[in-house]
Amino acid sequence: MTAHSTPDTAIIVVAAGSGTRLAAGAPKALVDIDGRSVLRHALDGVFAAGPMQVVVVAPAGGEQQVDAEIRASAGERRHLVTVVTGGATRQQSVAAGLAALQDGVRIVLVHDAARALTPPAQIDAVAAAVTDAGVIPALPVVDTLKRVDGDEITGPVDRSVLAAAQTPQGFPRAALQDAYAAAGASGAEHTDDAALFAAAGGAVRRIDGSERAFKITTPADLERARMLLGARSAAPMLPRIGVGTDVHAFGGEGDLWLAGLEWPGEQPLSGHSDGDAVAHAIVDALLGAAGLGDIGQHFGTAHPEYAGAHAQVFLARTAEMLAEAGFAIGNVSVQIKGNRPRFSGRRAEAEQVLSAALGGASVSVAATTTDGLGFTGRGEGIAVTAVALIHPLG
Ligand code: CTP
Ligand code: MG
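Quantities reported herein were computed from a predicted structural model and do not represent experimental measurements. (Residues numbered from 1 in each chain as written. Chains lettered and ligands numbered in written order. Predicted model: local features only at pLDDT ≥ 70, side-chain atom pairs only at ≥ 80, totals over all residues. Heavy atoms only, no water.)

Trainee: Got a minute to help me understand the pattern of salt bridges in this structure?
Mentor: By the definition in use, this model includes 13 salt bridges. Asp-44 is paired through a salt bridge with Arg-40; the nearest N and O atoms lie 3.1 Å apart. Placement of the pair is Asp-44 and Arg-40 together in helix 1 (residues 38–48), with a separation of four residues, close to one helical turn. A relative accessible area of 12% means that Arg-40 is categorised as buried. Close ionic contact of Glu-266 with Arg-340 constitutes a salt bridge, the shortest N to O distance being 2.6 Å. A residue pair is termed long-range when its members are at least 10 positions apart, and Glu-266 in the loop between strand 13 (261–263) and helix 8 (277–290) and Arg-340 in the loop between strand 14 (327–337) and helix 11 (347–357) qualify at 74 residues. (Salt bridge = Lys/Arg side-chain N within 4 Å of Asp/Glu carboxyl O. Helix = DSSP H or I, 4+ residues; strand = E, 2+ residues; numbered from the N terminus. Buried < 20%, exposed > 50% of the residue type's maximum accessible area, 1.4 Å probe, protein only.)

Put into structure tokens, the structure is as follows:
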């Protein structure tokens, strides 16, 4: 007798794939999700399940990192772990894992490391359900399915007779090893262990799978895993600030437009639109806060539809872009530097117009002169600075 009795169940965690579709620059199992790798999460699930021998099938060259992940995850179950190197196909990797099973093992589970968030209860449920028949966890198919020939829809598919297979898949050990030997001899490649087992004449039953056992295959799947783990949940809730400035020279024909108001009798500002430097500074502050680029990109000369447009048009469209990106506007603070117009008498009116254009967000506008200094002091033009605070929506 050793200090530890040999478990009668083993789980082979296949982690040797390259992750071509994820394209993350490393074998998929070693890719980071939230400070912990795909494999680390998969192993955490495995070690939270009932005690079993754990065979980790590592990517060639990745054995050292795999060892480190096992040390971090296994704790006192370290003695239950064996590491082998994988093969060119998943089937070969599983075969390498089968060769490392301990003698007393009677039930074998085969699990994709890529199903990193599989609940431990699913692992236990599969192990408990294995008889002479194999067991797979599966989910009902929710999409409406079509039979296709290229781009042609050639017919419907009855989804009620279909199920989406997950892992771990569990089998009686001897029958699975026989099935693998038969597949090896015939050279047949199967897409999962259940198919290989069935090809050798074995029966396979299903139990309920779970949404969390989805396979990380594409970058969108990795993002889904990150969201589920709440890896980003702290960051998006923080407010964000942005700053914008704009300068326009006095010049041209007509009346001045500033801060969303027309100022009859005042010298106009020149510019692609109406030259409303207050509106332009606010747009840059808001776009900057949201990380959405700048005014030139969205409203510049490449967008002739905005030529001559007034503040309301820019601001309303900007507020819309922020909402589409998931942000609400907290407040905007603006400072105008210039000798003219005399702003204080129309401050309340300007703030109201700007606020309404931004869907009711608080806007405050201050104005100052520059003591006769610089272009603003000489009356050649005005300069505006705006600061915006925005926050992510729920
Ligand atoms: N796998 C393996 N050995 C291989 C191929 C795959 O151990 N030669 C493992 C993967 O590491 C993964 C599981 O099988 O945990 C499911 O495979 P898949 O999602 O296809 O992973 P990859 O083959 O790595 O990805 P891709 O097909 O995009 O390259
Ligand atoms: Mg693959």
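Trainee: Would you take a moment to explain helix 7 (residues 219–228) for this structure?
Mentor: Residues spaced three or four apart along an α-helix point in a common direction, a consequence of the helix completing one turn every 3.6 residues. By the burial criterion, the buried members of helix 7 are Asp-221, Leu-222, Ala-225 and Arg-226. The buried residues of helix 7 occupy one face: seen down the axis, they fall within an arc of 145 degrees. The outward face of helix 7, more than 90 degrees from its buried face, is lined by the exposed residues Ala-220 and Met-227. Immediately beyond the C-terminal end of helix 7, within one or two residues, lies Gly-230, with a positive phi of roughly 70 degrees. (Arc of directions from axis to C-beta.)

Trainee: Looking at this model, I keep getting lost on the nonpolar core. Mind explaining?
Mentor: Soluble globular proteins tend to pack their nonpolar side chains together in the buried interior. Within the largest apolar cluster, 46 residues are counted, with the highest numbers of intra-cluster contacts made by Val-278, Ile-282, Leu-286, Ile-329, Val-332, Val-334 and Leu-358. Here this core gets 11 residues from one element, more than from any other, and that element is helix 8. Setting aside residues no more than four positions away along its own chain, Val-278 makes contact with Leu-258, Ala-259, Val-334, Ile-336, Leu-354 and Val-384. If you look at the next biggest cluster of nonpolar residues, it comprises 27 residues, including Ala-15, Ala-29, Phe-47 and Val-56. (Core = buried A, V, L, I, M, F, W, Y, C linked by side-chain atoms within 4.5 Å. Contact = heavy atoms within 4.5 Å.)

Trainee: Quick question: what am I supposed to make of the packing of helix 8 against helix 10 (residues 311–324) here?
Mentor: Between two packed helices, both the angle of their axes relative to each other and the distance between the axes serve to describe the pair. Contact pair helix 8 / helix 10: the axes reach a minimum separation of 10 Å and the direction vectors enclose 5 degrees. In this view, helix 8 runs roughly parallel relative to helix 10, as classed from their interaxial angle. Two secondary-structure elements touch here, helix 8 through Ala-279, His-280, Ile-282, Val-283, Leu-286, Leu-287 and Ala-290 and helix 10 through Ala-311, Phe-314, Leu-315, Thr-318, Met-321 and Leu-322. Looking at the contact of helix 8 with helix 10, its residues break down into 11 nonpolar, two polar and no charged. (Axes fitted to C-alpha atoms, helices over the stretch in contact; angles between N-to-C directions. Parallel < 35°, antiparallel > 145°, perpendicular 65-115°, else oblique. Nonpolar A, V, L, I, M, F, W, Y, C, P; charged D, E, K, R; others polar.)

Trainee: It is not clear to me how a nonpolar patch on the surface should be interpreted in this structure. Could you clarify?
Mentor: Together, Ile-241, Val-243, Val-387 and Leu-389 make up an exposed nonpolar region whose accessible area comes to about 350 Å². Going through the elements one at a time, strand 11 (240–249) and strand 16 (381–392) are the ones with two or more residues in the nonpolar patch. (Patch = residues over 30% accessible without salt bridge, like charges linked within 9 Å, V, L, I, M, F, W, Y side chains within 5 Å. Areas by Shrake-Rupley, 256 points an atom, 1.4 Å probe, with all protein chains shown as cover.)

Trainee: What exactly am I supposed to notice about the side chain of Thr-318 here?
Mentor: Within the element layout of this structure, Thr-318 appears in helix 10. Owing to a relative accessible area of 0%, Thr-318 belongs among the buried residues under this scheme. Within the structure, Thr-318 has its side chain in polar contact with the backbone oxygen of Phe-314 (distance 2.7 Å). Thr-318 has contacts with Val-283, Leu-286, Leu-287 and Phe-299, leaving out every residue within four places of it along the chain. (Polar contact = N/O pair within 3.5 Å; in protein donor to acceptor, adjacent residues only side chain to side chain.)

Trainee: Any chance you could explain the site of ligand 1 here in plain terms?
Mentor: With respect to spatial proximity, 18 residues lie near ligand 1, and among them Gly-19, Thr-20, Lys-28, Ser-93 and Lys-215 are the closest. Between Ala-88 and ligand 1, the recorded distance is 3.3 Å, taken from a backbone N or O atom to a nitrogen atom. A molecule is said to occupy a pocket when more than half its atoms come within 2 Å of that pocket's grid points, and by this definition ligand 1 occupies the largest pocket. Of the residues contributing to the shell around ligand 1, the split by class is six nonpolar, seven polar and five charged. (Near = heavy atom within 4 Å. 1 Å grid on protein atoms, 1.4 Å probe; cavity = no way out; pocket = protein on both sides within 12 Å on 5 of 7 lines; lining within 4 Å. Sits in = over half its atoms within 2 Å of the grid points.)

Trainee: Would you take a moment to explain the packing of helix 3 (residues 90–98) against helix 5 (residues 173–186) for this structure?
Mentor: Following both chains from N to C, one finds helix 3 and helix 5 inclined at 135 degrees, their axes separated by 11 Å at the closest point. The angle between helix 3 and helix 5 falls in the class oblique. In the packing of helix 3 onto helix 5, the handedness of the crossing is left-handed. Two secondary-structure elements touch here, helix 3 through Gln-91, Val-94, Ala-95 and Leu-98 and helix 5 through Leu-176, Gln-177, Tyr-180 and Ala-183. (Left-handed = near helix turned anticlockwise from the far one by under 90°.)

Trainee: Mind showing me how you'd approach the layout of surface pockets here?
Mentor: It is the rolling of a water-molecule-sized probe over the atoms that shows where space remains empty. By volume, the largest pocket amounts to about 610 Å³. Taken together, 29 residues make up the lining of the largest pocket; nearest its centre are Arg-21, Lys-28, Arg-90, Asp-112 and Lys-215. Its residues assigned to classes, the lining of the largest pocket comprises 10 nonpolar, 12 polar and seven charged. Taken as a whole, the second largest pocket spans an internal volume of roughly 330 Å³. Together, 14 residues line the second largest pocket, and Leu-139, Pro-140, Val-141, Ala-164 and Gln-166 are the ones closest to its centre. Put simply, the parts of the chain that give the lining of the second largest pocket at least two residues each are strand 5 (134–140) and strand 8 (163–165). (Points joined across faces, edges and corners; volume = space filled by probe spheres on them.)

Trainee: Even after reading the chapter, I still don't get the sheet that holds strand 11, so can you show me in this structure?
Mentor: Within a sheet, each strand pairs with its neighbour through backbone hydrogen bonds, oriented either parallel or antiparallel. Read across the open sheet, the four strands follow the order 11-16-14-15; overall the sheet is mixed. Both edges of this open sheet fall to strand 11 and strand 15 (362–368), since each of them pairs with a single strand only. Across the sheet, the axes of successive neighbouring strands diverge by a mean angle of 15 degrees, strand direction being ignored. Relative to strand 15, strand 14 runs parallel, the two sharing seven bridges. Paired with Val-334 across the bridge in strand 15 is Val-365. (Pairing = 2+ DSSP bridges.)

Trainee: Help me out: how do you make sense of the packing of aromatic side chains in this one?
Mentor: Each aromatic ring pair is specified by the distance between its two centres and by the angle formed by the two planes. Counting across every chain of the model gives five aromatic pairs. Taken together through their ring pairs, the aromatic side chains of Phe-299, Tyr-306 and Phe-314 make up a single cluster. The positively charged end of Arg-224 is found above the aromatic ring belonging to Phe-214, 3.9 Å away from the centroid. Over the ring of Trp-263 we find Arg-346; its NZ or CZ atom is 4.7 Å from the centre of that ring. (Phe/Tyr/Trp six-rings, centres within 6.5 Å; stacked < 30°, edge-to-face > 60°. Lys NZ or Arg CZ within 6 Å of the ring centre and 35° of its normal.)

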